[in-house]
Amino acid sequence: MVGEGNGIAARVDGSRLWRRLMEMAEIGAIPGNGVNRQALSDEDIAAREVLVDWARRRGYAVAVDDAANLFVRRPGGDLGLAPVLTGSHMDSQPRGGRFDGIYGVIAGLEALDALDDAGAATRRAIEVVAWTNEEGSRFDPGCMGSMVFSGAAQLERFEEAVDARGISFGRALARTLGAAPDLPRRNGEAAPAAYVEAHIEQGPVLEAASVPIGAVTGVQGSQRFVVEIGGSTAHAGTTPVRARRDALQAALRAVARLNEAMTDSNDVLRFTVGRFEVTPNSPNTVPSKVVFSIDLRHPSAEELDRRARRIARVCEKAALPCTVRISRTFDQRPVAFESGIVEAIERSAEMVDLPSLRISSGANHDAAFVARVSPTAMIFIPCLRGVSHHESEYASPEDCAAGARVLAQTLSVLADR
């Protein structure tokens with residue numbers, strides 16, 4: 001009912017939500033109001049402990065699966081019904097902000113608290129999930145937890161992935177699971193009846209339109225590649241330039257040609273070289289190897305594939321006389337979210353007197369994988385100047401509370417279906 005929905009949304013405590021966000025921001029805090037909370041790190045483990053403590057204080061059940069996805073459950077009246085799921089991730093970029101990912105987890109917990117404070121009962125249980133390694137900044141690729149949950153990948157596929165210090169994902173995962181041995185282990189549960197993920201937009205559309213709520217219709221496609229350029233080590237002072245197989249110069253030529261090949265007059269394609277590693281990285285030695293990453297995104301699967309096919313041809317020609325080895329580490333097809341969930345978000349925003357705007361997501365999210373097994377959509381809130389993955393990332397307390405009110409209302413409606 002409209003009145004009950006407004007009552008639930010009215011129970012969202014913006015001060016409590018903000019306080020928890022700021023408390024989480026202290027875990028892995030870096031200068032400039034940023035956060036470095038890498039997946040399965042000490043900081044990630046500490047954040048998980050705080051979330052578990054908050055959940056248990058309200059009497060919610062907490063469990064974890066083999067991928068270390070963390071679940072907080074508010075029970076429903078009918079134990080035979082699949083739950084409604086909400087949440088996001090707790091890990092961050094190395095120089096990340098205080099809201100990316102963690103907002104969706106804390107907003108989900110606030111929605112559970114609001115339902116409790118309103119004395120509302122739901123037919124279905126509602127669960128808040130914190131997905132493992134969404135960012136992919138420590139272990140590549142990202143979204144490992146949601147990929148395993150949705151069946152898009154087996155956990156074993158990721159166990160040998162290593163971080164910059166040579167620590168494997170499998171080792172870090174075992175350490176994280178071992179840090180909370182009292183948590184019940186869950187696996188093989190039925191797919192959720194619906195999934196709604198709240199997130200900052202990470203773009204400028206909502207702020208520019210002065211609209212507080214985005215009803216997200218889908219996620220554009222994304223592919224990631226690792227390019228390895230092989231050359232030969234040589235002395236910088238004695239080896240003639242023409243005799244060199246300089247991997248760094250070859251990589252620079254390759255990136256320059258790739259920039260040309262990825263030019264898009266409509267400015268829809270997203271092409272990024274984000275990581276560059278040089279070996280031996282000495283000032284007086286000709287580099288023997290360079291490894292760099294490519295992140296390629298487009299809302300059209302056909303265009304995404306067409307541009308991706310250019311990568312090998314361009315790199316192999318530009319890098320001569322060096323060798324080139326390319327591996328694709330991630331391939332996410334464009335995802336269209338369930339229209340019924342998008343409409344539920346829009347109706348919920350209307351019920352709490354907040355304007356909304358349909359919007360697509362340029363960034364990838366766990367929701368894109370959960371959509372494989374459950375009706376899914378997302379709620380976006382504005383972020384200052386559209387900045388994300390940076391210390392200056394900011395969402396106002398008012399916008400954070402507004403998103404949580406729409407989320408609480410949406411979850412209450414979905415959980416009574």
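Rules and cut-offs
- Residues numbered from 1 in each chain as written.
- Predicted model: local features only at pLDDT ≥ 70, side-chain atom pairs only at ≥ 80, totals over all residues.
- Heavy atoms only, no water.
- Helix = DSSP H or I, 4+ residues; strand = E, 2+ residues; numbered from the N terminus.
- Expected span 1.5 Å × (residues − 1).
- Buried < 20%, exposed > 50% of the residue type's maximum accessible area, 1.4 Å probe, protein only.
- Polar contact = N/O pair within 3.5 Å; in protein donor to acceptor, adjacent residues only side chain to side chain.
- Axes fitted to C-alpha atoms, helices over the stretch in contact; angles between N-to-C directions.
- Parallel < 35°, antiparallel > 145°, perpendicular 65-115°, else oblique.
- Left-handed = near helix turned anticlockwise from the far one by under 90°.
- Contact = heavy atoms within 4.5 Å.
- Nonpolar A, V, L, I, M, F, W, Y, C, P; charged D, E, K, R; others polar.
- Salt bridge = Lys/Arg side-chain N within 4 Å of Asp/Glu carboxyl O.

**Student:** How do you make sense of helix H2 (residues 14–25) when you look at a structure like this?
**Tutor:** Because the α-helix completes a turn every 3.6 residues, residues three or four places apart line up on one side. Here H2 contains twelve residues, and its C-alpha end-to-end distance of 16 Å stays within 8% of the 16 Å for a straight helix at 1.5 Å per residue. Buried residues of H2: Arg 16, Leu 17, Trp 18, Arg 20, Leu 21, Met 24 and Ala 25, and no others. You can read the cap of H2 off the contacts: a side-chain oxygen lies 3.0 Å from the backbone nitrogen of Ser 15, and it is on Asp 13.

**Student:** How do you make sense of helix H12 (residues 397–414) when you look at a structure like this?
**Tutor:** With 18 residues, H12 ought to run about 26 Å at 1.5 Å a step, and its terminal C-alpha atoms sit 26 Å apart, in line with that. Most of H12 sits out of view: 13 of its 18 residues are buried.

**Student:** Would you mind showing me how to read the packing of helix H4 (residues 102–117) against H12 here?
**Tutor:** In a pair of packed helices, the angle between the axes and the distance between the axes together describe the arrangement. Their axes nearest at 9 Å, the elements H4 and H12 cross at an angle of 60 degrees. With respect to their mutual orientation, H4 and H12 come out oblique. Judged by the twist between their axes, the crossing of H4 over H12 is right-handed. Here Tyr 103, Ala 107, Gly 108, Ala 111 and Leu 115 of H4 lie close against H12, whose contacting residues are Asp 399, Cys 400, Gly 403, Ala 404, Leu 407, Ala 408, Leu 411 and Ser 412. Residues of the contact of H4 with H12, tallied by class, amount to nine nonpolar, three polar and one charged.

**Student:** What's the story with the pattern of salt bridges in this structure? I'm lost.
**Tutor:** Between side chains of opposite charge, a pair can form as their charged atoms come close. For the structure on display, the rule yields 28 salt bridges. For Glu 189, the salt bridge identified is with Arg 186, shortest N-O distance 3.8 Å. Accessibility expressed as a relative area gives 42% for Glu 189, which makes it partly exposed. For Glu 228, the salt bridge identified is with Arg 325, shortest N-O distance 3.0 Å. Of this pair, Glu 228 sits in strand E9 (residues 221–230) while Arg 325 sits in strand E15 (residues 323–332), placing them 97 residues apart in sequence. Residues joined in a network through salt bridges with shared partners are Arg 16, Arg 20, Arg 58, Arg 74, Glu 110, Asp 113, Asp 116 and Asp 117.

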